[in-house]
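Residue-level listing of the chains:
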Amino acid sequence: VQLQASGGGLVQPGESLKLSCAVSGSIFSISTMGWYRQAPGKQRELVARITSGGSTNYADSVRGRFTISRNNAENTVYLQMNSLKPEDTAVYFCNMDARFVNPLYNYWGQGTQVTVSS
């Protein structure tokens, strides 16, 4: 299983970015997919998560600005980020969690840098 995140970049406050995470392997559709982020000197934190059934949850700091979605036909999960703020600056990681199938089935992508600065 491989997760390939893309879409990061440098934007100004108030602008938007859309992250993508393409996943290889056959368990994508039954997995919970998540986006996490880690800012310098801080712990990795959950940004948003979407279950196999489409239920979502968000960190309070991004609710109303970010939207997570998935395309099971393309094995891809997205994170639409609007109204970006400097405090959203971090490395963003995608995660695939199927530990209900096997405790070892918890995978991470390589991360993509998002920088929000004027």
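Here the structure is a predicted model, which is why all the values come from computation and not from measurement.

The rules behind the values
- Residues numbered from 1 in each chain as written.
- Predicted model: local features only at pLDDT ≥ 70, side-chain atom pairs only at ≥ 80, totals over all residues.
- Heavy atoms only, no water.
- Helix = DSSP H or I, 4+ residues; strand = E, 2+ residues; numbered from the N terminus.
- Pairing = 2+ DSSP bridges.
- Axes fitted to C-alpha atoms, helices over the stretch in contact; angles between N-to-C directions.
- Patch = residues over 30% accessible without salt bridge, like charges linked within 9 Å, V, L, I, M, F, W, Y side chains within 5 Å.
- Areas by Shrake-Rupley, 256 points an atom, 1.4 Å probe, with all protein chains shown as cover.
- Salt bridge = Lys/Arg side-chain N within 4 Å of Asp/Glu carboxyl O.
- Buried < 20%, exposed > 50% of the residue type's maximum accessible area, 1.4 Å probe, protein only.
- Phe/Tyr/Trp six-rings, centres within 6.5 Å; stacked < 30°, edge-to-face > 60°.
- Lys NZ or Arg CZ within 6 Å of the ring centre and 35° of its normal.
- Contact = heavy atoms within 4.5 Å.

A. A look at unusual backbone geometry. Its identity as a non-glycine residue notwithstanding, Asn75 has a phi of 50 degrees, on the positive side. Tracing the backbone shows Asn75 in the loop between strand 7 (66-71) and strand 8 (76-81). In this structure, Ser83 takes a positive phi of about 50 degrees despite not being glycine. With respect to the helices, strands and loops of the structure, Ser83 is situated in the loop between strand 8 and strand 9 (90-97).

B. Geometry of the sheet that holds strand 7. Taken together, the four strands give an open sheet; going across it, the order is 1-3-8-7, and neighbouring strands pair in antiparallel fashion. The open sheet has two edge strands with one neighbour each: strand 1 (3-6) and strand 7. Ignoring which end each strand starts from, the neighbouring axes of this sheet average 15 degrees apart. Note that strand 1 and strand 3 (residues 17-23) share four bridges and pair antiparallel. Among the inter-strand pairings, Ala5 is bridged to a residue of strand 3, identified as Cys21.

C. Region of the structure containing a nonpolar patch on the surface. A grouping of Ile30, Phe100 and Val101 is seen on the molecular surface, where their side chains present a nonpolar patch of about 300 Å² in accessible area. With respect to the secondary-structure elements, Val101 resides in the loop between strand 9 and strand 10 (106-108). Residue Val101 is classed as partly exposed on the basis of its relative accessible area of 44%.

D. Representation of the packing of aromatic side chains in the model. One pass over the full model with this rule turns up two aromatic pairs. Residues Tyr36 and Trp108 carry aromatic rings whose centres are separated by 4.9 Å and whose planes lie at 65 degrees to one another, so their mutual orientation is edge-to-face. One end of the pair, Tyr36, is in strand 4 (residues 32-38); the other, Trp108, is in strand 10, with 72 residues separating them in the sequence. In this structure Tyr36 comes out as buried when scored by relative accessible area, which is 16%. For Arg44, the ring lying beneath its charged end belongs to Phe93, and the centroid distance is 3.8 Å.

E. How the structure looks around the environment of Ala5. Turning to its location among the elements, Ala5 is positioned in strand 1. Here the alpha-carbon distance between Ala5 and Ile68, two residues 63 residues apart in the chain, equals 14 Å. In this structure, Ala5 is in contact with Ser20, Cys21, Trp35, Cys94, Gln110 and Thr112, ignoring residues within four places of it in sequence.

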